[in-house]
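# Report on the structure
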Amino acid sequence: MDEAWTPAEIRKKVEALRSELEEFCGSTISEDALASSIRMFNRNRQLLRRIYDLRRSGQVRITASQMQALVKSSMVMDVEEHTRILTELVEILEVERADNPGLIRLHLSGHFCHAPRPELLDIFEECGAWVVDDDLFTGFRYISTDVPETGDPIGALTHWYFDRNTNVPCATRAQKTVDWETYLVRSLEKSGAEGVIVLMAKFCEPHMLYLPELRKELNRCRSLIF
């Protein structure tokens, strides 16, 4: 992703997606429609990030599977309806004050692009942990970054593709200027998580090649459980 030719290639992919969507829908997607969509999806992501903030702070207790439901539903529901429901939910959560359960605060990391099975997420908390943060693909990684709302919408979406990996690095995208392990440690400092579970993708070499670096960086922070 650091190569000079990469942005132009990504832009071509975004433009191709727009053309294919126009063919599928049987109508032209205008610049104004794209800009409006960007604003709406940004608002949706901002509300989800607010819920993540409330969970990290310990103000509210939201289980890992509940948070997963919030993120997954944002992918399939009408965005305006989902945003309206999230707005009501955030108003409720912001006045809540959860008791400190005295459990091990846990960060979930990695996994494939699809969502982890809810049963797997539930097991962690049934064993006495409290999942306070994640960088799952179907989790915070998905909603971490907003699309620029000014200028050319196609250029904004291209820019967003790169910004997402800078904000939450992905093991499958080669970028010399960011590291998954550096991001992970900073996230743990922010959330106060005491342990990490990396949901490693079996037979995914990019994920596995990162594991030694993750171990070294987390072992350097001796207070953490890995």
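To keep things clear, this report deals only with the structure shown in the data block. (Residues numbered from 1 in each chain as written. Predicted model: local features only at pLDDT ≥ 70, side-chain atom pairs only at ≥ 80, totals over all residues. Heavy atoms only, no water.)

## Observations regarding the overall build of the protein
A count of helices and strands for the protein gives nine helices and three strands. Ordered by position from N to C terminus, the α and β elements of the protein give α-α-α-α-β-α-β-α-α-α-β-α. The C-alpha radius of gyration of the protein comes to 19 Å, within 12% of the 17 Å expected for a compact globule of 226 residues. Projected onto the principal axes, the alpha-carbon positions of the protein cover approximately 55 × 40 × 30 Å. In the protein, which comprises 226 residues, the share counted as buried stands at 44%. Taking the contacts inside the protein whose residues are at least 6 apart along the sequence as the reference set, 76% of them involve residues at least 24 apart. Carbon and sulfur atoms make up 55% of the accessible area of the protein, which totals about 12600 Å². Considering the protein, the positive charge centre built from 28 side chains and the negative charge centre built from 36 side chains are found 4 Å apart. (Helix = DSSP H or I, 4+ residues; strand = E, 2+ residues; numbered from the N terminus. Rg over C-alpha atoms; globule rule 2.2 N^0.38 Å. Buried < 20%, exposed > 50% of the residue type's maximum accessible area, 1.4 Å probe, protein only. Contact = heavy atoms within 4.5 Å. Areas by Shrake-Rupley, 256 points an atom, 1.4 Å probe, with all protein chains shown as cover. Lys, Arg positive; Asp, Glu negative; His and termini not counted. Charge placed at Lys NZ, Arg CZ, Asp CG, Glu CD.)

## Remarks on helix α4 (residues 79-93)
Because the α-helix completes a turn every 3.6 residues, residues three or four places apart line up on one side. Between its first and last C-alpha atoms α4 spans 20 Å; for 15 residues at 1.5 Å apiece the expected length is 21 Å, and the two agree. Buried within α4 we find Val 79, His 82, Thr 83, Leu 86, Val 90 and Leu 93. Looking straight down α4, one finds its buried side chains confined to an arc of 95 degrees; they lie on one side. Elements that come into contact with the buried residues of α4 comprise α2 (31-57) and α3 (64-76). In this structure Asp 78 caps α4, since a side-chain oxygen of it lies 3.2 Å from the backbone nitrogen of Glu 80. (Expected span 1.5 Å × (residues − 1). Arc of directions from axis to C-beta. Polar contact = N/O pair within 3.5 Å; in protein donor to acceptor, adjacent residues only side chain to side chain.)

## A look at the environment of Leu 103
Topologically, Leu 103 is positioned in the loop between α4 and β1 (104-110). As a C-alpha pair, Leu 103 and Tyr 183 span 80 residues in sequence and 24 Å in three-dimensional space. Discounting chain neighbours no more than four positions away, the residues touching Leu 103 are Arg 61, Gly 128, Ala 129, Trp 130 and Glu 194.

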